[in-house]
Amino acid sequence: MRSAKDFFRPLAVGAPAPVREVPFRPSRMIHFFDPGNEKMAAKVPSIAPQVDVLLGNLEDAVQADRKEAARNGLVQIAKATEFGDTQLWTRINSLDSPWALDDLLTLVTEIGDKLDVIMVPKVEGAEDIHYVDRLLAQLEAKAGITRPILVHAILETATGVANVEEIAGASPRMQGISLGPADLAASRRMKTTRVGGGHPGYLVREDPNPSDSDAPRATFQQDLWHYTIARMVDACAAHGILPYYGPFGDIRDTLACEDQFRNAFLLGCVGAWSLHPVQIAIAKKVFSPAPADVAWARKVIDAMGDGTGAVMIDGKMQDDATYKQCLVVSELADTLAARDPELAEAYAAAEKE
Ligand SMILES: CC(C)(COP(=O)(O)OP(=O)(O)OC[C@H]1O[C@@H](n2cnc3c(N)ncnc32)[C@H](O)[C@@H]1OP(=O)(O)O)[C@@H](O)C(=O)NCCC(=O)NCCSC(=O)C[C@H](O)C(=O)O
Ligand SMILES: [Mg+2]
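Residues numbered from 1 in each chain as written. Chains lettered and ligands numbered in written order. Predicted model: local features only at pLDDT ≥ 70, side-chain atom pairs only at ≥ 80, totals over all residues. Heavy atoms only, no water.

Stated formally: UniProt positions are given in the numbering used here, feature names are shortened, and annotations may be inferred rather than shown by experiment.
By the naming in an unreviewed UniProt entry, the protein chain goes by HpcH/HpaI aldolase/citrate lyase family protein and is assigned to Streptomyces fildesensis. UniProt, in the comment section headed Cofactor (unreviewed entry), describes the protein chain in these words: "Mg(2+)".

What follows is the structure, given as structure tokens:
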């Protein structure tokens, strides 16, 4: 067994030192595109400034005979594009596929200095992260990369969910985890045929009316993903990494997409995937705290002084714990406002009201 003291030592001679804390950079939307698709690739220069993260997807949704085109397309795009503050991520093929090794070999040696995070699909346990961790260190050393590339796992098998805590803590490279509801549904043998979102059949029904057994009984649709997201959020928080809702496949149902994203935001997620340009604005809106909430949080922080004790504000009791919640909202708002001048203005205006 390796000593805990070795955790922050490079795994290969010449590789950069691992990070001690995951940098919190805005990542409200991880925008997926297929780098081998000419139409999507042509949109990269205009989409990059609108999104927090641009992700060149090499895995599912890229046809088997287009895998190399996608990989090479990403190399070309990364070399030709100046991304500014926007992060560049990729999703490699799954570790048991014929493409994963070449994905890593090519991307790290060709564009490793531009890649912030590598998303690894279908992660089942710490051993998958350990494999990627060592290989990345060797490739970083070979390519002369000076800052470590971080790793993001997708939670999309029943085994992965069972092992989510060990995955979250498997390496200092771990940046975050996303829910992969489509593969997870298949892995669990759920009887859905969707990518994320709810299902009208997954519901709770109101009790019968004792005085009128024929009276209609209301039903309430439940969230299929609540358990998994809550578990993922706890695992991520315990290990200081970031949780994300994954994809919402019904592109036209922007309202339900917004609801799913908001549930995830309220439960602790910092972002979601956007699969189509129309989902970018939804994620931006949902994963940026509302100006009124930020103004309230700042009012509580100002009133609470050193954050201890109890006070009443507008009829509501505030104490150390609400102070801490308000710090979460206010600090997130500060980070996002530093990237987004419109948001900064909206927060400043709400504070004056
Ligand atoms: C979902 C799509 C296939 C829809 O594409 P399309 O039918 O072309 O949509 P539109 O006609 O509305 O597109 C309008 C224009 O916008 C471009 N476009 C579309 N999507 C993107 C994008 N993501 N980035 C950039 N540009 C985009 C179109 O090319 C049109 O251009 P033009 O004709 O010039 O105006 C498509 O959106 C798509 O493929 N999206 C990505 C899908 C994807 O990445 N899927 C994988 C992630 S989800 C997953 O893997 C499941 C998960 O792992 C799990 O297990 O849960
Ligand atoms: Mg998947």
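### Looking at the site of ligand 1
Note the threshold: Being near a molecule or strand, for a residue, means having at least one of its heavy atoms within 4 Å of it. Definition of a polar contact: a pair of N or O atoms within 3.5 Å, with one able to donate and the other able to accept a hydrogen when the atoms are protein atoms, and with sequence-neighbouring residues admitted only if both atoms are side-chain atoms. Surface accessibility follows the Shrake-Rupley procedure with a 1.4 Å probe radius. Residue values consider only the protein chains on display as shielding. The pocket and cavity definitions rest on a 1 Å grid over protein atoms only: a 1.4 Å probe that fits but cannot leave marks a cavity, an open set with protein on both sides within 12 Å along at least five of seven lines marks a pocket, and residues lining either have an atom within 4 Å of a point. Should more than half of a molecule's atoms lie within 2 Å of a pocket's or cavity's grid points, that molecule is taken to sit in it. Working definition: helices are DSSP H or I runs of at least four residues, strands are E runs of at least two. Numbering for both runs from the N terminus. Throughout, the ten residues Ala, Val, Leu, Ile, Met, Phe, Trp, Tyr, Cys and Pro are labelled nonpolar, Asp, Glu, Lys and Arg are labelled charged, and all others, Gly among them, are labelled polar.
By nearness alone, 21 residues border ligand 1, and Phe32, Lys43, Ala182, Leu275 and His276 come closest of all. Between ligand 1 and the protein, one listed contact pairs a nitrogen atom with a side-chain N or O atom of His31 at 2.9 Å. Separating an oxygen atom of ligand 1 from a side-chain N or O atom of Glu156 is a distance of 2.9 Å. Compared with its free state, where it exposes 1,000 Å², ligand 1 has 65% of that area covered by protein. Cavity membership is defined here by more than half of the atoms lying within 2 Å of grid points; on that basis ligand 1 lies in the second largest pocket. When contributions to the shell around ligand 1 are tallied by element, the ones reaching two or more residues are strand E1 (29-33), helix H1 (38-47) and helix H7 (181-187). Looking at side-chain class alone, the shell around ligand 1 contains eleven nonpolar, four polar and six charged residues.

### What to know about the nonpolar core
Just so we agree on the cut-off: The criterion is simple. A nonpolar core is a set of buried Ala, Val, Leu, Ile, Met, Phe, Trp, Tyr and Cys residues joined through side-chain atoms within 4.5 Å. Per-residue accessibility, obtained with a 1.4 Å probe over protein chains only, is compared with the maximum for each type, and a residue is labelled buried under 20%, exposed over 50%, and partly exposed between these values.
Among the nonpolar cores identified, the biggest contains 88 residues, and Ile30, Ile118, Ile177, Tyr245 and Phe261 are the most heavily contacted of them. Sorting elements by how many residues they give to this core places helix H4 (residues 126-143) first, with six residues. Listed in part, the seven residues of the second largest apolar core include Val300, Met304, Ile313 and Cys326.

### Section: the pairing of strand E2 (residues 53-57)
The line we're drawing: Only strands that DSSP links by at least two bridges are regarded as paired with each other. Place the viewer so that the strands point away; then a crossover is right-handed whenever the path from the first strand over the helix to the second strand goes clockwise.
Taking burial as the measure, the five residues of E2 include five buried ones, the bulk of the element. The sheet contact formed by E1 and E2 spans four bridges and is parallel. The residue bridging Ile30 from the neighbouring strand is Val53, located in E2. With respect to chirality, the unit in which E1 leads through H1 into the neighbouring parallel E2 is right-handed.

### A closer look at the side chain of Asp116
The condition is simple: Residue contacts follow a heavy-atom distance rule, with two residues in contact if any of their heavy atoms lie within 4.5 Å.
The residue Asp116 is located in the loop between helix H3 (100-111) and strand E4 (117-120) in this model. According to the relative accessible area criterion, Asp116 is buried, its value standing at 12%. Polar contacts involving the side chain of Asp116 include one to the side chain of Arg25, which spans 3.1 Å. Leave out the neighbours within four places in its chain, and Asp116 touches Arg25, Gln87, Leu88, Trp89, Arg147, Ile149 and Leu150.

### Regarding the UniProt feature "domain: HpcH/HpaI aldolase/citrate lyase" (unreviewed entry) in the protein chain
When the UniProt feature table is mapped onto this chain, "domain: HpcH/HpaI aldolase/citrate lyase" (unreviewed entry) is found at residues 32-194. Secondary structure content for residues 32-194 is 44% helix and 17% strand, and the end C-alpha separation is 18 Å.

### Concerning the layout of surface pockets
Over the atoms, a rolling probe the size of a water molecule traces out where space has been left empty. As a reminder, the rule being used: Grid points are joined across faces, edges and corners, and a volume is the space filled by probe spheres set on the points.
Approximately 1,200 Å³ is the volume attributed to the largest pocket. Among the elements of the structure, helix H8 (226-239), strand E9 (242-244), helix H9 (254-267), helix H10 (278-286), helix H11 (291-304), helix H12 (320-339) and helix H13 (341-352) are those that each provide at least two residues to the lining of the largest pocket. Top contributing element to the lining of the largest pocket by residue count: H12, with ten residues. Looking at the second largest pocket, it is lined by 28 residues, and the ones nearest its centre are Phe32, Met40, Asn57, Ala61 and Leu275. It is H1 that contributes the most residues to the lining of the second largest pocket, four residues altogether. Residues that form the lining of the second largest pocket fall into these classes: 13 nonpolar, six polar and nine charged.

### A short note on the coordination of the magnesium ion (ligand 2)
So the rule is basically this: Water is not part of the atom set, so a site may look incomplete; the donors themselves are N, O and S atoms within 2.8 Å of the metal, or 3.2 Å for Na, K and Ca.
Within the first shell, the magnesium ion (ligand 2) binds the protein through Glu156 (OE) and Asp183 (OD), at distances of 2.0 to 2.2 Å. In this pair, Glu156 is assigned in the loop between strand E5 (150-155) and helix H5 (158-162) and Asp183 in helix H7, connecting sequence segments 27 residues apart. For Asp183, a relative accessible area of 25% corresponds to the partly exposed category.

### A look at the packing of aromatic side chains
Spelled out, the test is: Planes of paired rings set the category: under 30 degrees apart is stacked, over 60 is edge-to-face and the rest tilted, where pairs are Phe, Tyr or Trp rings (Trp by its six-membered ring) whose centres lie within 6.5 Å. Charges are assigned to positions over rings by a cutoff of 6 Å between ring centre and Lys NZ or Arg CZ, combined with an angular limit of 35 degrees from the ring normal.
One pass over the structure, following the stated rule, counts six aromatic pairs. Among the aromatic residues, those joined into a cluster by ring pairs are Tyr245, Phe261, Phe265 and Phe287. Stacked on the ring of Trp99, the Lys or Arg Lys67 has its end atom at 5.0 Å from the ring centre. The side chain of Lys316 reaches across the aromatic face of Trp296, ending 5.4 Å from its centre.

### Some remarks on the pairing of E1
The element E1 is extensively covered by neighbouring structure, given that five of its five residues are classed as buried. Covered by surrounding structure in E1 are Met29, His31 and Phe33 together with Ile30 and Phe32, the residues of both alternating faces. Across three bridges, E1 lies against strand E10 (residues 272-274) in parallel orientation. Bridge pairing in E10 places Met29 opposite Ala272.

### Overview of unusual backbone geometry
Trans is the prevailing form of peptide bonds, just as negative phi is the prevailing case for residues other than glycine. Notably, Arg189 is not glycine yet its phi reads approximately 60°, a positive angle. Inspection of the secondary structure puts Arg189 in the loop between H7 and strand E7 (203-205). Overall, the relative accessible area of 65% leaves Arg189 in the exposed class. Despite not being glycine, Asp314 has its phi angle at roughly 50°, a positive value. Note that Asp314 resides in the loop between strand E11 (311-313) and strand E12 (316-318). When its relative accessible area of 55% is taken as the criterion, Asp314 is described as exposed.

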